[in-house]
Amino acid sequence: PQRVEFPLDLDLASPMMAGAIVRAKGEPKTLLPANEGRKKRLVLGPRGEAVRHPRERGGAPASLLYVSTLLSERPTVDQALERLMAYRTGHDARTVGAKEAAAALVAAELLGWVMWSE
């Protein structure tokens, strides 16, 4: 369109994570690199710098935002999953389950925040 009458400003991070779980029939880990691919490392994706902007982060779940903080360590896919499941926003915060952790990695990759590298 030539112009937008009203911007929707929809936060799509949570639906993307939920979509990853649904697409994988409840096992989003199957959407991550398999077998030897689990040794691939997380690195900054083509849109990795965008995560610094509040508008990009929007209301993204803490588990998804945490993925971007792991990049300086260049963790493997398996290490990133472990770190996500150990992540807590506070003393009384809920734990991040395996499905949410895998869905966060899938969404971060789809958003271009991260990518897998040798």
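A brief structural summary. Here the structure is a predicted model, which means the values were calculated and not measured. (Residues numbered from 1 in each chain as written. Predicted model: local features only at pLDDT ≥ 70, side-chain atom pairs only at ≥ 80, totals over all residues. Heavy atoms only, no water.)

Bringing the overall build of the protein chain into the picture now. Counting its secondary structure elements, the protein chain contains five helices and two strands. Mapped from its N terminus to its C terminus, the protein chain presents α and β elements in the order α-β-α-α-α-α-β. In summary, the protein chain has a C-alpha radius of gyration of 15 Å against a globular reference of 13 Å for 118 residues, a match within 12%. Classification of the 118 residues of the protein chain by burial places 38% in the buried group. (Helix = DSSP H or I, 4+ residues; strand = E, 2+ residues; numbered from the N terminus. Rg over C-alpha atoms; globule rule 2.2 N^0.38 Å. Buried < 20%, exposed > 50% of the residue type's maximum accessible area, 1.4 Å probe, protein only.)

Turning to helix 4 (residues 77-86), its buried residues number three or more, namely Val 77, Ala 80, Leu 81 and Leu 84. Angular distribution of buried residues about the axis of helix 4 spans 100°; they occupy a single face of the element. Summarising the geometry of helix 4, the exposed residues directed more than 90 degrees from the buried face are Glu 82 and Ala 86. Those residues of helix 4 hidden inside the fold are in contact with strand 1 (41-44), helix 3 (62-69), helix 5 (98-110) and strand 2 (114-117). (Arc of directions from axis to C-beta. Contact = heavy atoms within 4.5 Å.)

Our focus in this paragraph is the nonpolar core. By size, the foremost hydrophobic cluster in this structure holds 29 residues, and its most contacted members are Leu 42, Leu 64, Val 67 and Leu 105. Elements that contribute at least two residues to this core include exactly helix 1 (13-23), helix 3, helix 4 and helix 5. Tallying contributions element by element places helix 5 first for this core, with eight residues. Leu 42 has contacts with Val 67, Leu 71, Arg 74, Pro 75, Thr 76, Val 77, Ala 80, Leu 105, Val 114, Met 115 and Trp 116, leaving out every residue within four places of it along the chain. (Core = buried A, V, L, I, M, F, W, Y, C linked by side-chain atoms within 4.5 Å.)

This model, assessed by the stated rule, comprises five salt bridges. In this structure, the salt-bridge partner of Arg 52 is Glu 49, at a minimum N-O distance of 3.1 Å. Judged by its relative accessible area of 61%, Arg 52 is exposed. Residues Arg 83 and Glu 73 are paired through a salt bridge, measuring 2.3 Å at the closest nitrogen-oxygen approach. With a gap of ten residues between them, Arg 83 in helix 4 and Glu 73 in the loop between helix 3 and helix 4 connect regions that are remote in the sequence. Taking the relative accessible area as the measure of exposure, Arg 83 reaches 33% and is therefore partly exposed. (Salt bridge = Lys/Arg side-chain N within 4 Å of Asp/Glu carboxyl O.)

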